[in-house]
Amino acid sequence: MKKDIRSFTIQQLQEEMQRIGEKPFRSRQIYEWLHVKLADAFDEMTNLSKSLREKLEAEYEICPAKLVERQISKLDGTNKFLFELQDGNMVESVLMKYKHGNSVCISSQAGCRMGCRFCASTLGGLIRNLTPGEMLGQIYQVQKISGERVSNVVVMGTGEPLDNYDNMVQFIHMLSDENGLHISQRNITLSTCGIVPNMKRLAKEHFQITLALSLHGATQEKRSALMPIANKYGLDEVMEACEEYFRETGRRMSFEYSLVHGVNDMPEDERELIQLLKGKNCHLNLIPVNPIKERDFVRPSRESAVNFKNKLEKSGINVTIRREMGSDIDGACGQLRRRYAKDKV
Ligand code: SAH
């Protein structure tokens, strides 16, 4: 089987070149073609001899993601992409344009096995992990297709990044590598549903990325009703892992809280959230839930979400309501992919 060359770090590529009897400097050239010039084929690598390109072709593959659909919001210019991977699996990526720069949201797995109640990405279960090259490839394609430079990356698309730990760590190394796109780790956010042992491992990697925890409930009971993973790793443990992340990295934690009307947006929820987060050096992002048709969750009114936010703010919590982007294009996260998956079966 051909090896996936876009998933190799520059050191690994160097070892490969040695193995096939090429000079070490070739690895730098090839890495630049793959990760700076964003080549999708060996034929594009014009400063390599034809015979070397043929040798590479015989041993390796680049596995570029193929664009299947692109939707562009008329409201705010948000782009949603559906890509087909080498083996036919589909993944979604989103480009959001902000004043401070362009942000891409990528998927880390095809499907997901975490089972959060309100999430469309988990409905069909996990199919497989994405490789580092497939995660990078989403950003590269978005950049190439849109012609926009990407400055921020959020791992908040389909999948649980800490359920694909080794590939995720390699991806972060490569994305922030000065020999590649060189995106500052401070501009990378990884969102997790709270896999405690891997949060602790991540803390020890000492990256400068932002870790966002999907909270969604301020008590063990509320949280586990929405997120099955909370039955495995309880709220106390998860909050302790957040403290550890902050201690190890000095990076302020981010919490995500999807507001579901009548479920976690009541006055008691405000009180419990305040109790949980008060005095902590953190940021809370409220996300009015994106309704999915398989579930009957609804979002609170704008007014009630603003009231919820104001109450927390008065208690000194650093809180924002996430601005909704691309509301006129294919709905909640994972829905574009799901529409295609349905057509196939
Ligand atoms: N698995 C990771 C990252 C993917 S989801 C995690 O759980 O954090 C990114 C965020 O979107 C998570 O906070 C997730 O709970 C939230 N989310 C998923 N579906 C949603 C929906 N329908 N409405 C609002 N937020 C949703």
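The model shown is predicted, which means the values in this text are computed figures rather than measured ones.

Further remarks concern the site of the ligand. Around the ligand, a shell composed of 16 residues is seen, among which Glu160, Ser191, Ser214, His216 and Asn290 lie nearest. Between Ser258 and the ligand, the recorded distance is 3.0 Å, taken from a side-chain N or O atom to a nitrogen atom. Of all the secondary structure elements, the ones that give two or more residues to the shell around the ligand are strand E10 (188-192) and strand E12 (253-259). For the shell around the ligand, the residue count by class is six nonpolar, eight polar and two charged.

Let us now look at the sheet that holds strand E3 (residues 66-72). Ordered by their spatial adjacency, 10 strands build an open sheet running E3-E4-E5-E6-E9-E10-E11-E12-E13-E14, and the pairing between neighbours is mixed. Two strands lie at the open edges of the sheet, namely E3 and strand E14 (319-321), each paired on one side alone. Adjacent strand axes in the sheet meet at a mean angle of 20° when their direction is disregarded. Direction of pairing for E12 relative to strand E13 (residues 282-288): parallel, over a ladder of seven bridges. Bridge pairing in E13 places Ser254 opposite His283.

Bringing the environment of Ile127 into the picture now. Take Ile127: it is sitting in strand E8 (residues 126-129). Taking the C-alpha atoms as reference, Ile127 lies 20 Å from Val169; in sequence the two are 42 residues apart. Residues contacting Ile127, with those up to four places away along its chain left out, are Asn89, Ala110, Gly111 and Arg337.

Next up on the list: helix H4 (residues 132-146). With 15 residues, H4 should cover 21 Å at 1.5 Å per step; its first-to-last C-alpha distance of 22 Å lies within 8% of that length. Judged by how many residues are buried, H4 sits mostly within the fold: 13 of 15 residues are covered. Remark: Gly147 follows H4 within two positions and exhibits a positive phi of approximately 75°.

Moving on, we come to the packing of aromatic side chains. Enumeration according to the criterion identifies three aromatic pairs in this entry. Both rings, one in Phe8 and one in Tyr60, keep their centres 6.3 Å apart while their planes meet at 85°; by these two values the pair is edge-to-face. Of this pair, Phe8 sits in the loop between strand E1 (3-4) and helix H1 (10-19) while Tyr60 sits in strand E2 (residues 60-61), and the two are 52 residues apart along the sequence. With respect to burial, Phe8 and Tyr60 carry one shared label: buried. The interplanar angle of 5° and the centroid separation of 5.7 Å between the aromatic rings of Phe81 and Phe83 together place this pair among those described as stacked. Residue classification places Phe83 among the buried residues on the basis of a relative accessible area of 0%. Positioned above the aromatic ring of Trp33 is the side chain of Lys37, whose terminal nitrogen or guanidinium carbon lies 3.9 Å from the ring centre. In this structure, Arg201 is placed above the aromatic ring of Tyr165, and the distance from its NZ or CZ to the ring centre is 3.9 Å.

Here we come to the pairing of strand E9 (residues 152-155). Burial along E9 is two-sided: the face carrying Asn152 and Val154 and the face carrying Val153 and Val155 are both buried. Taken together, the three bridges between strand E6 (residues 101-105) and E9 define a ladder with parallel strand orientation. Looking at E9, one finds that Ser103 is bridged to Asn152. One ladder, built from three bridges, connects E9 with E10; its direction is parallel. Bridged to Val153 within E10 is Ile188. Where the polypeptide runs from E9 across helix H5 (residues 165-176) and back to E10, its parallel neighbour, the crossover connection is right-handed.

With that out of the way, let us pick up the side chain of Ser224. In this structure, Ser224 sits in helix H7 (residues 220-226). Among the polar contacts listed, one links the side chain of Ser224 to the backbone oxygen of Glu221, at a separation of 3.3 Å. Excluding its chain neighbours within four sequence positions, the residues that come into contact with Ser224 are Ala230 and Asn231.

Basis of the calculations
- In this numbering scheme, every chain counts its residues from 1 along its sequence in written order.
- A pLDDT threshold of at least 70 governs which residues receive local features in this predicted model, and a stricter bar of 80 or more applies before side-chain atom pairs are shown or counted, although totals over entire chains, interfaces and linings include all residues.
- In computing side-chain values, all of the structure's heavy atoms are included and hydrogens and water are not.
- By convention in these notes, a residue is near a molecule or strand provided one of its non-hydrogen atoms lies within 4 Å of it.
- Each polar contact in these results corresponds to two N or O atoms within 3.5 Å; when the atoms are within protein, one needs to be able to donate a hydrogen and the other to accept it, and residues that are neighboring in sequence are counted only if both atoms are side-chain atoms.
- Note on conventions: DSSP H or I runs of at least 4 residues are helices, E runs of at least 2 residues are strands, and numbering of each starts at the N terminus.
- In the scheme used here, Gly and all other residues not listed as nonpolar or charged are polar, with Ala, Val, Leu, Ile, Met, Phe, Trp, Tyr, Cys and Pro taken as nonpolar and Asp, Glu, Lys and Arg as charged.
- The pairing criterion is simple: DSSP has to find at least two bridges between the two strands.
- Axis lines are fitted through C-alpha atoms, for helices just across the contact stretch, and the angle between N-to-C directions can take any value from 0 to 180 degrees.
- Working rule for contacts: check all heavy atoms of both residues, and any pair within 4.5 Å makes them a contact.
- What a helix should span is 1.5 Å times the count of its residues minus one.
- Summary of the burial criterion: residues with accessible area below 20% of their type's maximum are buried, those above 50% are exposed, and those between are partly exposed, where the area comes from a 1.4 Å probe applied to protein chains only.
- Under the pairing criterion, centres of Phe, Tyr and Trp rings, with the six-membered ring standing for Trp, must be within 6.5 Å; the plane angle then separates stacked pairs below 30 degrees from edge-to-face pairs above 60, leaving the rest tilted.
- Here, a charge over a ring is recorded when the distance from Lys NZ or Arg CZ to the ring centre is within 6 Å and its angle to the ring normal is within 35 degrees.
- Here a crossover is taken to be right-handed if, once the strands point away from the viewer, the path from the first strand over the helix to the second is traced clockwise.

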